[in-house]
Amino acid sequence: MPVFTGHFYNASTDAFFHFDRFENVIDALSHGQVPSLFNFMYYPTGSYAGVATTAMYPWLGASFFILPRLIIVNPITGLFVGFVILNFITMMNAHALLKQLTNSPWAIWAGVLIYEFNHFHIIDLYSRSAFGESIAYAWFPLVFLGLIRITQKQKSGKYLLAISMGLLLNTHVLSALMAMLVIVGYELIQLATKKISKQQVKDLFISVFLSAIIALYSLINILFMYRTNDFVSPTRILYPVDSGLFFHELLTNDVIDRTTWGYGLPAFLFQLFLTMLLVKNCRTKKWWTWVLIADGIFVVTLNILPWHLLLNSPMSLFQFLSRFYLLIVLFLAIAAAYYFDQKKIQKKLVLILSFFTIVLSMSAISRMHLEYLGVGTNHDRVTAENYVSFLNDRAGFSDYLPADKKTKMQLPVLETQNIQLIKTGKSNDSVHYKMVINTHRIVDLPIVLYQKYKYRILLDGQEVKSQSKSQVSVLAGPGKHIISVQYVGERNTLALLISLLGFMLVLILLWCVREKRNEGENKLFF
């Protein structure tokens, strides 16, 4: 992979956010423990010990990166293995979806090529290092495959949809929300065209129930935190796609992490080519609808529309409208499979597209990896040697810290002046300090607390209570003191066990009802 040339990884601020949460989980698992809901081991310098990242950002779906690190000591090698597994699964899931639509291996490869090597995916993986989205991206094809099979009354459909939605909820909530919007939109179309059946509705409800079981652990953590605490949520912004920047990135083959990102010149030219065919020849083709929808999403996400009017709406949860390019590239992959399925000279055309796409993608990755580093980029060169020091010292986000109930702004959690404070130890569920103070006083420590969760605070071996509900604040006399804070509350072990068993059960059910594609019924949705 070009992203590991020179034995380093070009890591963004988002990358370190994920590295921190992964390493907290890895530390717990390596000690045979269910991970704590709070990050005591590693957290950004803009955050504090005990931040609720693990509770609020699902980690089960990130096993591609977590499990290799339990075995491989070198973090960069573990990261490399995680990427290999993730990309393999992404292509296999895309292949499974497209094989449902066509038997042509070249047509299937054309769709897989577009889905795997487009710039949107490359940026998510290696430039933004948005691990949650990148993992969710791998499961999106199975959402569509599940819907297809439910529509075709195949028993495996409900289980595929349940697994894919359960994994999305265990990985990235925003991506799961996007998938839900797609499912609702599709079912509304089915209802409007009177194509929906009672069996289809029944299968959808079964899928919802099973996906909720698979995601039970993650859902309980998130919902209980929302119900009991106020905290700093990810920034509510709404960046539409800057049309000028989009075309600049196309022409410069750029995959730099910005507020606007594209999906690459090959995919865009292919979309433009099919759109021109669509305009020239109005006869309905299987690929026609998917290109039209992709075109519609592209136009709607541009900054030519007054998106600022929706800044205070739920749409701001998505932050960047470029996220919806996931749907564009998936629809283009479907269109490609259908289009090349009908072409007699498909091999030559697919080989040209493959060469063009892979060369430009690898070139863009290599250039970003080697050049986009240092001051002003928010990217750093991470090696096996400096990995841990970055986890301890790298600035990051203040997401999920306790917040003021009215303003929703971060509560001030500052190290007290005029004291000596030295961190002497830490684990996935605790942190320990040595401090020296000159007077009898209340000492505020850089450790956050959350209501309705149980902690043990020890001052010189004696259990004490915090004077504040949102941070560790203790009364101490002059002199040297040892203070330890540990989360001792519920880790939702039962919910975790139910989620894992539920996932295994649905996999077994899927295996038992495995079916081949229904010949003659390979039309997707429309």
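Here, every reference points to the structure presented above.
Everything quoted here is computed from the prediction, not taken from an experiment.

### A short note on the side chain of Asp 124
Point 1. Within the secondary structure layout, Asp 124 lies in helix α6 (residues 119-127).
Point 2. Judged by relative accessible area, which is 2%, Asp 124 ranks as buried.
Point 3. A distance of 2.5 Å separates polar atoms of two side chains, one belonging to Asp 124 and the other to Arg 128.
Point 4. Leave out the neighbours within four places in its chain, and Asp 124 touches Ser 129, Ala 130, Glu 133 and Ser 134.

### A short note on empty space enclosed by the protein
Point 1. Under the criterion given, the structure shown has five cavities of 30 Å³ or more.
Point 2. Roughly 100 Å³ of internal volume is contained in the largest cavity.
Point 3. Around the largest cavity sit Phe 19, Phe 22, Glu 23, Ile 26, Phe 65, Arg 69, Pro 75, Gly 78, Leu 79 and Tyr 387, which together line it.
Point 4. Breaking the lining of the largest cavity down by element, the ones donating at least two residues are α1 (13-30), α3 (63-71) and α4 (75-99).
Point 5. Looking at the lining of the largest cavity element by element, the count peaks at four residues for α1.
Point 6. Partitioning the lining of the largest cavity into residue classes produces seven nonpolar, one polar and two charged.
Point 7. Lining of the second largest cavity is provided by Ile 114, Phe 117, Asn 118, His 119, Tyr 263, Gly 264, Pro 266, Ala 267, Phe 270, Leu 353, Thr 357 and Ser 361.
Point 8. Counting residues per element, the ones that place at least two in the lining of the second largest cavity are α5 (105-117), α13 (265-280) and α16 (346-371).
Point 9. Across the lining of the second largest cavity, the residue classes tally to seven nonpolar, five polar and no charged.

### Some remarks on the pattern of salt bridges
Where charged atoms from two side chains of opposite charge come close, those side chains can pair.
Point 1. If you walk through the whole model with that rule in mind, you get ten salt bridges.
Point 2. The partner of Glu 23 in a salt bridge is Arg 69, and the shortest N-O contact between them spans 3.1 Å. One end of the pair, Glu 23, is in helix α1; the other, Arg 69, is in helix α3, and 46 residues separate them in sequence. Residues Glu 23 and Arg 69 agree in their burial class; the two are buried.
Point 3. Between Asp 254 and Arg 258 there is a salt bridge, and its shortest N-O distance comes to 2.8 Å.
Point 4. A relative accessible area of 27% places Arg 258 in the partly exposed class.
Point 5. Each of Asp 124, Arg 128, Glu 133 and Arg 323 takes part in a single network of salt bridges with overlapping partners.

### Side note on the environment of Leu 168
Point 1. Along the polypeptide, Leu 168 turns up in helix α8 (residues 156-169).
Point 2. We classify Leu 168 as buried; its relative accessible area is 0%.
Point 3. In this structure the C-alpha to C-alpha distance between Leu 168 and Pro 58, which are 110 residues apart in sequence, comes to 9.4 Å.
Point 4. When residues no more than four places from it in sequence are discounted, the contact partners of Leu 168 are Ala 136, Trp 139, Phe 140, Val 143, Val 173, Ser 175, Ala 176 and Ala 179.

The rules behind each value
- Residues numbered from 1 in each chain as written.
- Predicted model: local features only at pLDDT ≥ 70, side-chain atom pairs only at ≥ 80, totals over all residues.
- Heavy atoms only, no water.
- Helix = DSSP H or I, 4+ residues; strand = E, 2+ residues; numbered from the N terminus.
- Buried < 20%, exposed > 50% of the residue type's maximum accessible area, 1.4 Å probe, protein only.
- Polar contact = N/O pair within 3.5 Å; in protein donor to acceptor, adjacent residues only side chain to side chain.
- Contact = heavy atoms within 4.5 Å.
- 1 Å grid on protein atoms, 1.4 Å probe; cavity = no way out; pocket = protein on both sides within 12 Å on 5 of 7 lines; lining within 4 Å.
- Points joined across faces, edges and corners; volume = space filled by probe spheres on them.
- Nonpolar A, V, L, I, M, F, W, Y, C, P; charged D, E, K, R; others polar.
- Salt bridge = Lys/Arg side-chain N within 4 Å of Asp/Glu carboxyl O.

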